[in-house]
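# Residue-level structural notes
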Amino acid sequence: MANQYHDQAWVQKWQAATQNVGDGMNYQQAAARLRQLINTKLLTLTDIQDDPERFFEAHRLVAQNSYMGKKTVGNDLDNALLTFKNFKVPRETLLARYVTVDANGKVSFPQGSMRTMDMIGQRLFSGRIAVAQAGLTFAEGLFATTRQFASGKKCWAPGGDTTLIKVPQISAIFKKADAELALLNRFIQKVEEQLCGYLRKRKVPDVALQQAIAVVKVKCIEGAIDLCHSLKQEVGSYALMAGTGFEQLDFLICCKFAEGDSRILMQKMARDILTAGPTTALEKDALNKLKASIGKELKAGRGKKDAWDNSYLLVYGLAEAHMQGVMEKTLKGVSKL
């Protein structure tokens, strides 16, 4: 589980304010409840920089404790359809931190010329952390409720009844989940701590941290998908019952493509190593295999794109080697900013 947020009085107020959000409400009622929540000022737009730990804690708590109705299986996803009809937006209400357009259509940049990544990067990086947290929270919750069921479910066995959780393959998947979820939680905590330091300083994370955040996003979500899928295969018809949590497994698929699809991120990792070179022995070995495959494809007369595509398993293998190295480096100790 994540580190305990220091202001437990705030945690209690936030939990009370978000209790049963959206449960049984129509969209108008849910919108009214959201306005009430905003008016409490328990979470503000500046918390992402002034108190980033509070921002991430809010996401964790909503993922654990709230329900947002029929819109989505993801409690803390902010997707929504918003429609305006016959409404003219006042110019002074437009978001104009980085670019403004005056009444004559003249465009200006209040903070000078900036890269797009410098404008939106913070939201992308914090979003990847939040999505990864949501995926881990979902997996932890599913394993917790299934563990409770399996511990009480009696099964026939030679020599006397036993319980479902003592069946070898089911016991094994719970042990595997305990170890892997604990490791992923340690990893995301370390990376989140580094990101919070940059957020306070209003700085875009350095390249190494950007890469670590991408690894967090992929490993946490893919790990959660793998564990939950394996659990579903072993618990029989219980996984088909409404209210068990298994009916919401598609939430993890939403997490898979939110804030950067896993496959696209892994392709970028491999491409960057191909350009900049390996930094670990694992990367070097995986890169040599990929280069050999691409070379063979090129000699066969295929173009660069086809050579890359036909070597896709080795591309992802290189990304896996990179992610393993990033996790090992992060968990052995994180350098101070």
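Procedures and definitions
Residues numbered from 1 in each chain as written. Predicted model: local features only at pLDDT ≥ 70, side-chain atom pairs only at ≥ 80, totals over all residues. Heavy atoms only, no water. Helix = DSSP H or I, 4+ residues; strand = E, 2+ residues; numbered from the N terminus. Buried < 20%, exposed > 50% of the residue type's maximum accessible area, 1.4 Å probe, protein only. Areas by Shrake-Rupley, 256 points an atom, 1.4 Å probe, with all protein chains shown as cover. pLDDT = per-residue confidence, 0-100. Contact = heavy atoms within 4.5 Å. Phe/Tyr/Trp six-rings, centres within 6.5 Å; stacked < 30°, edge-to-face > 60°. Lys NZ or Arg CZ within 6 Å of the ring centre and 35° of its normal. Salt bridge = Lys/Arg side-chain N within 4 Å of Asp/Glu carboxyl O. Axes fitted to C-alpha atoms, helices over the stretch in contact; angles between N-to-C directions. Parallel < 35°, antiparallel > 145°, perpendicular 65-115°, else oblique. Nonpolar A, V, L, I, M, F, W, Y, C, P; charged D, E, K, R; others polar. Patch = residues over 30% accessible without salt bridge, like charges linked within 9 Å, V, L, I, M, F, W, Y side chains within 5 Å. Expected span 1.5 Å × (residues − 1). Disulfide = S-S within 2.5 Å. Arc of directions from axis to C-beta.

Here the focus is the overall build of the protein chain. Per the secondary structure count, the protein chain includes 12 helices and four strands. In the protein chain, which comprises 337 residues, the share counted as buried stands at 39%. Accessible surface, the protein chain as shown: approximately 20300 Å² in total, 56% of it carbon and sulfur.

On to the confidence of the model for the protein chain. Here the protein chain shows a mean pLDDT of 86. Residues at 70 or above account for 88%. At the low end of the mean pLDDT range in the protein chain sits helix α4 (residues 52–65), at 79; at the high end sits helix α10 (residues 281–299), at 96.

Let us look at the environment of Ala307. Within the fold, Ala307 resides in helix α11 (residues 304–310). With 16 residues separating them along the chain, Ala307 and Lys291 place their C-alpha atoms 9.9 Å apart. Residues contacting Ala307, with those up to four places away along its chain left out, are Ile294, Glu297 and Leu298.

Now for the packing of aromatic side chains. This model, assessed by the stated rule, comprises eight aromatic pairs. Note on Phe55 and Phe56: the rings are 5.2 Å apart at their centroids and 75° apart in plane angle, and the pair reads as edge-to-face. In terms of burial, Phe55 and Phe56 fall into one category: buried. Every member of this aromatic cluster is reached through a ring pair, and the members are Tyr5, Trp10 and Trp14. The ring of Tyr316 carries Arg263 above its face, with NZ or CZ at 4.3 Å from the centroid.

A few words on the pattern of salt bridges. Scanning the entire structure with this criterion turns up 13 salt bridges. Taking the shortest distance from any N to any O, the salt bridge between Arg147 and Asp178 comes out at 2.7 Å. Here the residue Arg147 occupies a position in helix α5 (residues 116–152), and Asp178 occupies one in helix α6 (residues 168–200), the gap between them amounting to 31 residues. With its nearest N and O atoms 2.8 Å apart, the salt bridge here joins Asp309 to Lys305.

This part takes up the environment of Gln148. Looking at the element boundaries, Gln148 is found in helix α5. Sequence-wise, Gln148 and Ile165 are 17 residues apart; in three dimensions their C-alpha atoms are separated by 9.0 Å.

Quick look at the packing of α10 against helix α12 (residues 312–332) now. Between α10 and α12, the shortest axis-to-axis distance is 8 Å and the interhelical angle comes to 170°. As far as their axial angle goes, α12 and α10 are roughly antiparallel. Counting all contacts with α10, which are made through Leu282, Glu283, Ala286, Leu287, Lys289, Leu290 and Ser293, the residues of α12 involved are Leu314, Val315, Gly317, Leu318, Ala321, His322 and Gln324. For the contact of α10 with α12, a count of residues per class yields eight nonpolar, four polar and two charged.

Below, the discussion takes up unusual backbone geometry. Located in the positive-phi region is Arg202, a residue other than glycine, with phi close to 60°. Along the polypeptide, Arg202 turns up in the loop between α6 and α7 (207–234). Exposure remark for Arg202: the relative accessible area of 48% places this residue in the partly exposed category. One non-glycine residue, Glu259, lies in the positive phi region at around 55°. Locating Glu259 in the fold gives a position in the loop between α8 (250–257) and α9 (262–276). For Glu259, a relative accessible area of 32% corresponds to the partly exposed category.

Turning to a nonpolar patch on the surface, a few remarks are in order. Residues Val99, Val101, Val107 and Phe109 make up a contiguous nonpolar surface patch of roughly 330 Å² in combined accessible area. With respect to the secondary-structure elements, Val99 resides in the loop between α4 and β1 (100–101).

The next point concerns α7. The terminal C-alpha atoms of α7 lie 41 Å apart, and with 28 residues this matches the ideal 40 Å at 1.5 Å per residue to within 8%. Gly236 lies just past α7 and shows a positive phi near 65°.

On to the packing of α7 against α12, then. It is at 10 Å that the axes of α7 and α12 come closest, and there the two elements cross at 110°. Classified by the angle between their axes, α7 and α12 sit roughly perpendicular to one another. Counted together, Gln211, Ala212, Val215, Val218 and Lys219 of α7 and Glu320, His322, Met323, Val326 and Met327 of α12 form the full contact between these two elements. Classifying every residue of the contact of α7 with α12 by side-chain character gives six nonpolar, two polar and two charged.

With that settled, consider the state of the cysteines. Using the criterion set out here, one finds zero disulfides in the structure. With no disulfide partner, Cys255 has as its closest neighbouring cysteine sulfur the one in Cys254, 6.8 Å distant. When its relative accessible area of 1% is taken as the criterion, Cys255 is described as buried.

The next thing to look at is helix α1 (residues 8–17). When α1 is considered as a whole, its buried residues turn out to be Trp10, Val11, Trp14 and Ala17. In a view along the axis of α1, the buried residues occupy a sector of 130°, so they form one face of it. Across from the buried face of α1, at angles greater than 90 degrees, the exposed residues are Gln12 and Ala16.

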